[in-house]
Amino acid sequence: MTIFPGGRRRAAVALALTGVLALTATACGDDGSGAGGDKGTEGSGKGKITFWDNNGGVRTDVWKEIIADFEKANPDIDVEYVGVASKEVQSKYDTAIQGGALPDVGGVGAAMLAGIAAQDALEPLDARVEASALKGKLNTGMVDSVKAAGGQDKLFTVPTSASNGVLYYRTDLFKAAGLAEPTTWSAFYAAAEKLTAKDKNRFGYTIRGGAGSIAQALDAMYGQSGITAFWNGDKTTVNDPKNVAALEKYAGLFKRTTPAADVNNDFTKMVAQWDSGEIGMLNHNLGSYQDHVKALGTEKFRGIPNPTLDDGTRVQVSNPVDGLGLFSTSRNKAAAWKFIEFAASHESNSKWNKSAGAIPANTEAAKDAWLQEAEPTKLAADVLFSGKAAIVQLPYYLPDWNTISKADNEAGFQKVLLGKATAKEFLDGLAEQLNAAQAEWKQQKK
């Protein structure tokens, strides 16, 4: 993936848009009716469509089940499944927009939504939802979150799920050490120290140092600092002294109570390491719950909401809502919409979220029995929707957010872990990028 810092990347996006307007989306499904062009066509609602899964490999099996159900109910539509690894999906969409090779339907998380929508690559779906069986059956909080994330107050994806930060801990290891549940940050740090025995290859915690590390670090920072807003006027709070102190303490766990290999761990490696080893705690989201159940059963671990401050104050950052987008270059939008509507329906949405351990967007699916039985999901849903936490809303609406919060700064966070940069230096640099992106976004909104 080519990274364009600040304005250079935005200029590249503008060039990409110019290019895509002159191209036909050759990868899109086509039933043979008419020319798609840059704005696509409705098509006949039959024939072939292409679907990109934005978490390919991890969720391939459940999507193939849903596709089989859909094709059985719609025998005149054929869905081609393409699995894209989550760490590659941003660059895959960027390349497809530039090359005119977008799918008909694709999974698009809120963190990358604004950047894709800004290039006119996604069809607004407000009217389609209003006229469909989904009307009134999508969680209003998730709908609002998706609209805000797109930056244009339009529904560019149909929300399918929400996740949440979870602290997974090994109940067997905690019991053996005589430790109480790590519900507060002070208890978390104490447990990390006590559970570590390097000579026995035992560690209290595994930290995410590779791909996706920034979101987890932000959650830990704001959770400890107690700061409840991402912006103070036009300036970000990420480099507030309280957040700097929180990151210093959190990053200080590396190699002291964590494995040295953590510096390169993405979520797949981190989860596999926790499931197979003797590590006390892991921060991840609801998406790995079923992996832990398969590896450990339900007796050796528990998943609880991220820790609170000692006084019970809970602050956490917003997690991006996942959703399905209809790409504007599709030549068969009618068939593509049928698939989105089916995938977001009660039965399919429940099936997908049960597999992922995530919170369903379909309000009927959210009432299904499995949600009450999956404790981490139930606890996360309670926190997310019952007003028990202060949620720091991350600026997903910034077109550069996904690049700034991932590729542009993950190497910088690794330098902090390795002691090659201070937390303040890292956060000051991150703040400079965010403030510039916010200023430019506001200017464009005028």
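Criteria and cut-off values
- Residues numbered from 1 in each chain as written.
- Predicted model: local features only at pLDDT ≥ 70, side-chain atom pairs only at ≥ 80, totals over all residues.
- Heavy atoms only, no water.
- Buried < 20%, exposed > 50% of the residue type's maximum accessible area, 1.4 Å probe, protein only.
- Helix = DSSP H or I, 4+ residues; strand = E, 2+ residues; numbered from the N terminus.
- Polar contact = N/O pair within 3.5 Å; in protein donor to acceptor, adjacent residues only side chain to side chain.
- Salt bridge = Lys/Arg side-chain N within 4 Å of Asp/Glu carboxyl O.
- Phe/Tyr/Trp six-rings, centres within 6.5 Å; stacked < 30°, edge-to-face > 60°.
- Lys NZ or Arg CZ within 6 Å of the ring centre and 35° of its normal.
- Pairing = 2+ DSSP bridges.
- Contact = heavy atoms within 4.5 Å.
- Axes fitted to C-alpha atoms, helices over the stretch in contact; angles between N-to-C directions.
- Right-handed = clockwise from strand over helix to strand, strands pointing away.

Under an unreviewed UniProt entry, the protein chain has the name Sugar ABC transporter substrate-binding protein and belongs to Streptomyces narbonensis.

Engineer: Give me unusual backbone geometry: which residues, what numbers.
Structural biologist: For N201, which is not glycine, the phi dihedral falls at a positive 60 degrees. Assessed through its relative accessible area of 55%, N201 is described here as exposed. Not every positive phi belongs to a glycine, and K255 is a case in point at roughly 70 degrees. With respect to the helices, strands and loops of the structure, K255 is situated in the loop between α10 (241-251) and α11 (267-276). With relative accessibility at 45%, the residue K255 sits in the partly exposed group.

Engineer: Tell me about the environment of N332, and name the residues and values.
Structural biologist: Mapped onto the secondary structure, N332 falls in the loop between β12 (322-326) and α13 (333-343). Looking at N332, the relative accessible area reads 0%, which means it is buried. From its side chain, N332 meets the backbone nitrogen of G45 in a polar contact 3.3 Å long. A distance of 2.5 Å separates the side chain of N332 from the backbone oxygen of K46, its partner in a polar contact.

Engineer: Could you give an account of the pattern of salt bridges, naming the residues involved and the relevant values?
Structural biologist: Counted under the stated rule, the structure contains 18 salt bridges. As a salt-bridge pair, D126 and K147 come within 3.6 Å of each other at their nearest N and O atoms. Of this pair, D126 sits in helix α5 (residues 126-130) while K147 sits in helix α6 (residues 140-150), and the two are 21 residues apart along the sequence. Residue class for K147 comes out partly exposed when judged on its relative accessible area of 24%. Two residues, K135 and E130, come together in a salt bridge whose shortest N-O distance is 3.5 Å. Accessibility expressed as a relative area gives 48% for E130, which makes it partly exposed. A cluster of three or more residues bridged by salt bridges with shared partners is formed by E42, E123, R128 and K333.

Engineer: Break down the packing of aromatic side chains for me, with residues and values.
Structural biologist: Taken as a whole and judged by the stated rule, the model has 25 aromatic pairs. Where F51 meets F339, the ring centres are 5.3 Å apart and the plane angle is 55 degrees; that geometry is what we call tilted. One end of the pair, F51, is in strand β1 (residues 47-53); the other, F339, is in helix α13, and 288 residues separate them in sequence. What makes F51 buried here is its relative accessible area of 1%. Take F339: its relative accessible area is 0%, and that puts it in the buried class. Relative to F342, the ring of F70 lies with its centre 5.4 Å away and its plane at 65 degrees, an arrangement referred to as edge-to-face. Of this pair, F70 sits in helix α2 (residues 60-73) while F342 is found in helix α13, placing the two residues 272 residues apart along the sequence. Judged by relative accessible area, which is 0%, F70 ranks as buried. One aromatic cluster in this structure is built from F51, W63, F70, Y81, F339, F342 and W352. Of note, K92 hangs over the ring of W52, and the distance from its end group to the ring centre comes to 5.3 Å.

Engineer: Report on the sheet that holds strand β13 (residues 359-360), specifying residues and quantitative values.
Structural biologist: Within a sheet, each strand pairs with its neighbour through backbone hydrogen bonds, oriented either parallel or antiparallel. The strand order β2-β1-β3-β12-β4-β13 describes an open sheet built from six strands, whose pairing is mixed. Unpaired on one side and paired on the other, β2 (77-83) and β13 mark the two borders of the sheet. Sheet topology places β1 next to strand β3 (residues 105-107); two bridges connect them, and they run parallel. The residue bridging F51 from the neighbouring strand is V105, located in β3. Along the sheet face, α6 touches β4 (158-162) and β13 and points at about 115 degrees away from the line of β4. Against the sheet, helix α14 (residues 346-356) makes contact with β4 and β13, and its axis sits at roughly 35 degrees relative to β4, the strand it touches most.

Engineer: Requested: an account of the pairing of β1, with residues and values cited.
Structural biologist: Where burial is concerned, most of β1 is hidden: five out of the seven residues are buried. Pairing between β1 and β2: seven bridges, direction parallel. Bridge pairing links D53 to G83 in β2. Viewed along the sheet, the connection from β1 through α2 into β2 turns out right-handed.

Engineer: Now, about the sheet that holds strand β9 (residues 279-285): what can you tell me, with residues and values included?
Structural biologist: In space, the four strands of this open sheet follow the order β6-β9-β5-β10, with mixed pairing throughout. What marks the edges here is a single partner per strand, and that holds for β6 (203-206) and β10 (301-305). Direction aside, neighbouring strands of the sheet carry axes that sit 20 degrees apart on average. Examined bridge by bridge, strand β5 (residues 165-170) and β10 share five bridges and lie antiparallel to one another. When the bridges of β10 are listed, Y169 appears paired with R302. Packing of helix α16 (residues 375-385) onto the sheet brings it into contact with β5 and β10, and relative to β10 it is tilted by some 10 degrees.

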